Amino acid sequence: DSSNWNYQLIGTNNQLGRYQVSTQTLENYGLLVPGSNLAHGIDCIHYKNCWQTNTVVKSNANGNYSYHISSYQEFLNSNVAQEHLAYQVVYDVYNALVTNGAIQTADSTDVVAGMIYVGWTLGAGSAPTATNLNGTGAYAWRYFGIGAGANSYNSGRYSITILSQ
């Protein structure tokens, strides 16, 4: 893991915490105000007005979860928020991969884990369209080898095949 499981780590592109959550993911899940990345790029985490203090994020396990985070320091100091957000992202990525066909019902557990990590890294993506013949994200990586997903795939498979024993 690039963070060495460090909840306090700020990555090279201002990814935050144990799971190196990108600023776009923070915005997508409502911790950052919509448009923060557009206005300030990856430096948006440093602007107090970019943080939404009372964000309510859906949770598929425990109802809604309310974040009371108003700065990147508070996010780094909240192990619970980081864990919950990571769980929710994994849950959403899995469902998006099933929906777009990048995960198939016949896939083994290690393949599913690998694809979830590819989806975390590249985004779930989408199936081919008339304008994008290969699709995007994890879908394009699985079926057309497009994107840098191999390391993520192998790491995801390793976590199930080796670490779970």
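Structure first, text after, so check above.
Residues numbered from 1 in each chain as written. Predicted model: local features only at pLDDT ≥ 70, side-chain atom pairs only at ≥ 80, totals over all residues. Heavy atoms only, no water.

Enquirer: Go over helix α4 (residues 79–100), please, and point to the residues and values.
Expert: Residues spaced three or four apart along an α-helix point in a common direction, a consequence of the helix completing one turn every 3.6 residues. Helix length check: α4 (22 residues) gives 31 Å between terminal C-alpha atoms against 32 Å at 1.5 Å per residue, within 8%. By the burial criterion, the buried members of α4 are Ala-81, Gln-82, His-84, Leu-85, Ala-86, Gln-88, Val-89, Asp-92, Val-93, Leu-97 and Asn-100. Gly-101 sits one or two positions beyond α4 and adopts a positive phi of about 90°. (Helix = DSSP H or I, 4+ residues; strand = E, 2+ residues; numbered from the N terminus. Expected span 1.5 Å × (residues − 1). Buried < 20%, exposed > 50% of the residue type's maximum accessible area, 1.4 Å probe, protein only.)

Enquirer: Outline the packing of helix α5 (residues 109–122) against helix α7 (residues 150–161), supporting the account with residue identities and numerical values.
Expert: It is the contact of α5 with α7, at a shortest axis distance of 7 Å, that shows an interaxial angle of 140°. In terms of orientation, α5 and α7 fall into the oblique class. The element α5 and its partner α7 pack so that their crossing is right-handed. Here Thr-109, Asp-110, Val-111, Ala-113, Gly-114, Met-115, Tyr-117, Val-118 and Thr-121 of α5 lie close against α7, whose contacting residues are Ser-152, Tyr-153, Ser-155, Gly-156, Arg-157, Ser-159, Ile-160 and Thr-161. In terms of residue class, the contact of α5 with α7 is built from seven nonpolar, eight polar and two charged. (Axes fitted to C-alpha atoms, helices over the stretch in contact; angles between N-to-C directions. Parallel < 35°, antiparallel > 145°, perpendicular 65-115°, else oblique. Left-handed = near helix turned anticlockwise from the far one by under 90°. Contact = heavy atoms within 4.5 Å. Nonpolar A, V, L, I, M, F, W, Y, C, P; charged D, E, K, R; others polar.)

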